[in-house]
Amino acid sequence: MASYKRFEDTPAWRLAQDYAYAGFEVTREECFKFRGDLVNQLRRAALSISNNIAEGFARGTTKDFINFLYISRGSCAETRSMLFFALKFPDMSVCRERLEQLLLDSDKLGAQLWGWIDSLQNSEIDGMRGYTDQRRDEHEREVVR
């Protein structure tokens, strides 16, 4: 299993950032005009995925991190639910292809998060809170490089 020093280095966080960006972009389309609540909630849920990865990564224990990864998966599912809802509107046909791509991407992202959770649950990694002061200092120096 790869060891990451910063959340920005993780493939799941990068994928989640790309996913949120794509969600923000599609909600700028004309077909989302006058659907402010849906736009706002979709954007917030999509961005929540990467934000929870980042927050969990910084928490310091594997248990905390796993909990935040579960929250990220929940936000991913929330975006899927909203995308299915949006596709029910006939005037969304203009955006259909992009919305369907977001649905496919959410499957990939959810699977990646699930795989990460599974690997962490079956590892002996405790997280940074288990570090000695010396090891924590070494880690901080490694991150700064």
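On to the overall build of the chain, then. When helices and strands are tallied, the chain shows 5 helices and 0 strands. Listed N to C, the secondary structure of the chain is α-α-α-α-α in terms of helices and strands. Here the chain, with 145 residues, has 37% of them falling under the buried criterion. Long-range contacts, defined here as pairs at least 24 residues apart, represent 72% of the contacts in the chain between residues at least 6 apart. Total accessible area computed for the chain in this model is approximately 8,800 Å², and 50% of it derives from carbon and sulfur atoms.

Glycine aside, a negative phi is what most residues show, and trans is what most peptide bonds show. Positive phi, normally seen in glycine, also occurs at Phe 34, with a value near 70°. Here Phe 34 shows up in the loop between helix H1 (11–26) and helix H2 (36–59).

A separate point is the packing of aromatic side chains. For the structure on display, the rule yields 5 aromatic pairs. With a centroid separation of 5.3 Å and an interplanar angle of 70°, the aromatic rings of Phe 7 and Trp 13 are classed as edge-to-face. On the basis of relative accessible area, Phe 7 is assigned to the partly exposed category, the value being 23%. Connected via pairs of aromatic rings, a cluster forms that spans Phe 57, Phe 65 and Trp 116. Here the basic side chain of Arg 35 rests over the ring of Phe 89, its NZ or CZ set 4.1 Å away from the ring centre.

Quick look at the environment of Thr 62 now. As for its position among the elements, Thr 62 is in helix H3 (residues 62–86). Its relative accessible area of 10% is what places Thr 62 among the buried residues.

The next subject is helix H4 (residues 96–121). Between its first and last C-alpha, H4 extends 37 Å over 26 residues, near the 38 Å set by a 1.5 Å rise per residue. Listing the buried residues of H4 in full gives Leu 99, Leu 102, Leu 103, Ser 106, Leu 109, Gly 110, Leu 113, Trp 116, Ile 117 and Leu 120. Those residues of H4 that are buried are in contact with H1, H2 and H3.

Time to look at the state of the cysteines. In total, this model carries 1 disulfide according to the counting rule given. The disulfide bridge from Cys 31 ends at Cys 95, spanning 1.9 Å between sulfur atoms. Between Cys 31 and Cys 95, the disulfide has an S-S torsion of -90° and is therefore left-handed. Of this pair, Cys 31 sits in the loop between H1 and H2 while Cys 95 sits in the loop between H3 and H4, and the two are 64 residues apart along the sequence. Both residues of the pair, Cys 31 and Cys 95, belong to the buried class.

What counts, and where the lines are drawn
- Residue indices follow the written sequence of each chain, beginning from 1 at its first position.
- This being a predicted model, a pLDDT of at least 70 is required before a residue's local features are given, and a value of 80 or more before pairs of side-chain atoms are given or counted; all residues contribute to the totals for chains, interfaces and linings.
- Hydrogen atoms and water are omitted, and side-chain values are computed over all heavy atoms in the structure.
- Each helix is a run of H or I in the DSSP string that is no shorter than four residues. Each strand is a run of E no shorter than two, and both are numbered from the N terminus.
- We call a residue buried when its accessible area falls under 20% of the maximum for its residue type, exposed when it is over 50%, and partly exposed in between, using a 1.4 Å probe and counting protein chains only.
- We call two residues in contact whenever any of their non-hydrogen atoms come within 4.5 Å of each other.
- We get accessible surface area from the Shrake-Rupley algorithm with a probe of 1.4 Å; when it comes to residues, only the shown protein chains can shield them.
- Any two of the Phe, Tyr and Trp rings considered here, Trp counted by its six-membered ring, make a pair once their centres fall within 6.5 Å; the pair's planes then place it as stacked at under 30 degrees, edge-to-face at over 60, or tilted in between.
- Definition used: whenever NZ (Lys) or CZ (Arg) falls within 6 Å of the ring centre and also within 35 degrees of the ring normal, the charge is taken to sit over that ring.
- A helix is expected to reach a length of 1.5 Å times the quantity of its residues less one.
- Put simply, a disulfide is two cysteine sulfurs that come within 2.5 Å.

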